[in-house]
Every structure is written in structure tokens, then in C-alpha cells.
Amino acid sequence: MLFSWLRTAGRLPLPTRSFSNVATASSAKLQEQALEEKCILVNDHDQATGSASKRDCHRVDPDGNIRLHRAFSVFLFNSAGDMLLQRRSVEKITFPDCYTNACCSHPLYDIEGEREELNALGIRRAAQRRLNYELGIPMAQARPENFHYITRIHYADRGDGTWGEHEIDYILFLQKDVDLKPNDSEVSEVRYIPRSGLTDAIARLDAPLTPWFRLILQHRLQLWWDNLPNLKQYENHQQIERF
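Residues numbered from 1 in each chain as written. Predicted model: local features only at pLDDT ≥ 70, side-chain atom pairs only at ≥ 80, totals over all residues. Heavy atoms only, no water.

Our working rule: UniProt positions are given in the numbering used here, feature names are shortened, and annotations may be inferred rather than shown by experiment.
Under an unreviewed UniProt entry, the name given to the protein chain is isopentenyl-diphosphate Delta-isomerase, and the organism recorded is Anopheles quadriannulatus. As its UniProt record puts it under Catalytic activity (unreviewed entry), the protein chain is described as follows: "isopentenyl diphosphate = dimethylallyl diphosphate". Listed in UniProt under the heading Function (unreviewed entry), the comment for the protein chain reads: "Catalyzes the 1,3-allylic rearrangement of the homoallylic substrate isopentenyl (IPP) to its highly electrophilic allylic isomer, dimethylallyl diphosphate (DMAPP)."

What follows is the structure in C-alpha cells.
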């Protein structure tokens, strides 16, 4: 498996590394283990109703339904305003080998602090944890208070018909220069792309986009990106957006 890290234009790429079949098997085992983590089930109004394993939250049932649960998507920008794009590992259970935003995951029911709803604090804590796990970003570089919570989006996608998504997705922006050390069991590539090169960069990708990233890209991302210093005007914490 190839792991290439591409930085912004004008900077040298970091070294390419290859991994053995043993590493690939280990990554697949980690993904299977993660399916036992418990997500927070919610209703259409984002009110918590209980918990279920990640496996049960992403299985498409015979009627095409998927259990609604709480999630988040982090969009990470450096100080120059370039956005981090990641390519999901081929071992990912849902939407493997797809391009997406910096980090997409879930607050966990079994971590009490991630159930905290006031000011989306639990979501922010989960985002800090996952940025550290997936991209190796030191915890001190992505503290809960550093994230800008913009809105929530309710979306569903049946994926491959076996594994899919049905989430109320909290949108978090983080603009900060951070240190990266991606976890190859989660991520196969990362790159920063400039706002001016967004259209060309997306057109040149050799793998599909995740459905949530595609949806946000289509409806909101470019507007938010153009207003990074003034995101407060776009905050919507009262309503859940549905496109």
C-alpha cells in the first residue's frame, strides 16, 4: 500500500512509504474492532435516544434503513487558508478509498465527556480525539475551544447497500498550522489544496468523494471557505439543515 503525503504547491512532498501485507491485515483488524464502539443514537431533532455499536449504526437493513446517530466532520485549514483533504484507507468499512475532509467520525457513548451537549462540547472533545488518532495531530494543537462549530446537517446514504450512513453531522472548522503524522490504518493520503485550485483539484482526483463531503461541497463549503475570518455570521445552532 502506498502512502503519499502532499503539501501545498511549492513545498516538497514528504517521503513515500510502502507497507507489508502484515500491516494491511493489522489495519483491517483495527477497523473490525472499531465496529464495537458505541455511537449515540438520536431522533430527527438530535435528541439522544440511546446507543448502538458502530456496526449496528452503519448496517443497511433489508428495508434500506440505517439507524440515525450523531457524527461530526472537521474541515482543517492552515494559516494560508489551504484545506486539508484526506483519502480514506482501503481498509475502512464504510466508504473505503474515498476522498473526504480532514476528519469524519463520531462522539462515543461510552466516553462520558463526549455526551456533553452544551456548546457541542462533547463533539469538540471527540474531534480532538479523532484528529489525534487519524492524523497524529497533537492534542494540544487541537483543543476543544479551537473548533468553530457552524451547523448540523442531517443526511443519509446507503453506500454499497451493506454499509451506509445516516447521521446528524456537526460541522466543525479549524484553522491552524498543525503537525501531521497520519495513521495508515485510517488514512492513505493527505494533501492541502488552495481555494483557488479547488475545482481543478477535485476534478483530478482518481477516487470518489464521500457522500457527506460531496454534499457539503455542493451546498456550503465554498461560501464558508471564502469567509474563514467571518464564520460567525453563518452559524446555525438552532436548526438542523437538510439539503
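1. Some thoughts on the overall build of the protein chain
Note the following rule: Only DSSP runs of H or I covering at least 4 residues are called helices, and only runs of E covering at least 2 are called strands; the numbering of each starts at the N terminus. Only protein chains enter the accessibility calculation, which uses a 1.4 Å probe; a residue whose area is less than 20% of its type maximum is buried, one above 50% is exposed, and one in between is partly exposed. Two residues form a contact once any of their heavy atoms are found within 4.5 Å.
In terms of helices and strands, the protein chain carries five helices and 12 strands. Burial statistics for the protein chain: of 243 residues in total, 54% are counted as buried. Sequence separation of at least 24 residues holds for 68% of the intrachain contacts in the protein chain that already meet a minimum separation of 6.

2. A closer look at the pattern of salt bridges
For clarity, the cut-off: The working definition used for a salt bridge is a side-chain nitrogen of Lys or Arg within 4 Å of a carboxyl oxygen of Asp or Glu.
The final tally for this structure, using the stated rule, is 16 salt bridges. With a shortest N-O distance of 3.6 Å, E32 and R55 are connected by a salt bridge. Taken together, the residues span a long stretch of sequence, with E32 in helix α1 (residues 21-34) and R55 in helix α2 (residues 54-58) at a distance of 23 residues. The class of R55 is partly exposed, set by a relative accessible area of 24%. One salt bridge in this structure joins E37 and K54, with 2.9 Å as the shortest N-O distance. One end of the pair, E37, is in the loop between α1 and β3 (38-42); the other, K54, is in helix α2, and 17 residues separate them in sequence.

3. Quick word on empty space enclosed by the protein
The condition is simple: A cavity, in this analysis, means grid points on a 1 Å lattice covering only the protein atoms where a 1.4 Å probe fits yet has no way out; a pocket is instead an open set bounded by protein on both sides within 12 Å along at least five of seven lines, and a residue lines either one if it has an atom within 4 Å of a point. Grid points are joined across faces, edges and corners, and a volume is the space filled by probe spheres set on the points. Each residue receives one of three labels: charged for Asp, Glu, Lys and Arg, nonpolar for Ala, Val, Leu, Ile, Met, Phe, Trp, Tyr, Cys and Pro, and polar for the others, Gly being one of them.
Taken as a whole and judged by the stated rule, the model has three cavities of 30 Å³ or more. Computed from the structure, the largest cavity encloses a volume of approximately 250 Å³. Forming the walls of the largest cavity are 23 residues, and the residues nearest its centre are K54, R88, K92, T94 and H106. Every element with two or more residues in the lining of the largest cavity is listed here: α1, α2, β5 (69-77), β8 (103-105), α3 (121-135) and β10 (165-175). A per-class count over the lining of the largest cavity returns eight nonpolar, six polar and nine charged.

4. Topic: the side chain of Q31
Heads up, the condition is: Between N or O atoms, a polar contact is any pair within 3.5 Å; within protein, one atom must be a potential hydrogen donor and the other a potential acceptor, and residues adjacent in sequence are included only when both atoms are from side chains.
In this fold, Q31 is placed in helix α1. Given the relative accessible area of 5%, Q31 is considered buried. In this structure the side chain of Q31 is engaged in a polar contact, spanning 3.0 Å, whose partner is the side chain of E186.

5. Here we look at the nonpolar core
Heads up, the condition is: Only buried Ala, Val, Leu, Ile, Met, Phe, Trp, Tyr and Cys residues count toward a nonpolar core, and they belong to the same one when joined by side-chain atoms within 4.5 Å.
The biggest cluster of nonpolar side chains holds 30 residues, and the ones touching the most others in it are F75, M83, F173, F213, L221 and W225. For this core, the secondary structure elements donating two or more residues are β5, β6 (83-88), β9 (148-157), β10, α4 (198-203) and α5 (211-226). Per element, the largest residue contribution to this core is eight residues, and it comes from α5. Excluding its chain neighbours within four sequence positions, the residues that come into contact with M83 are F75, L76, F77, R191, Y192, I193, F213, L221 and W225.

6. What about the pairing of β5?
By the criterion of burial, β5 is predominantly enclosed, with nine of the nine residues buried. Judged by which residues are buried, β5 turns out to be covered on both faces: H69, A71, S73, F75 and F77 on one side and R70, F72, V74 and L76 on the other are all buried.

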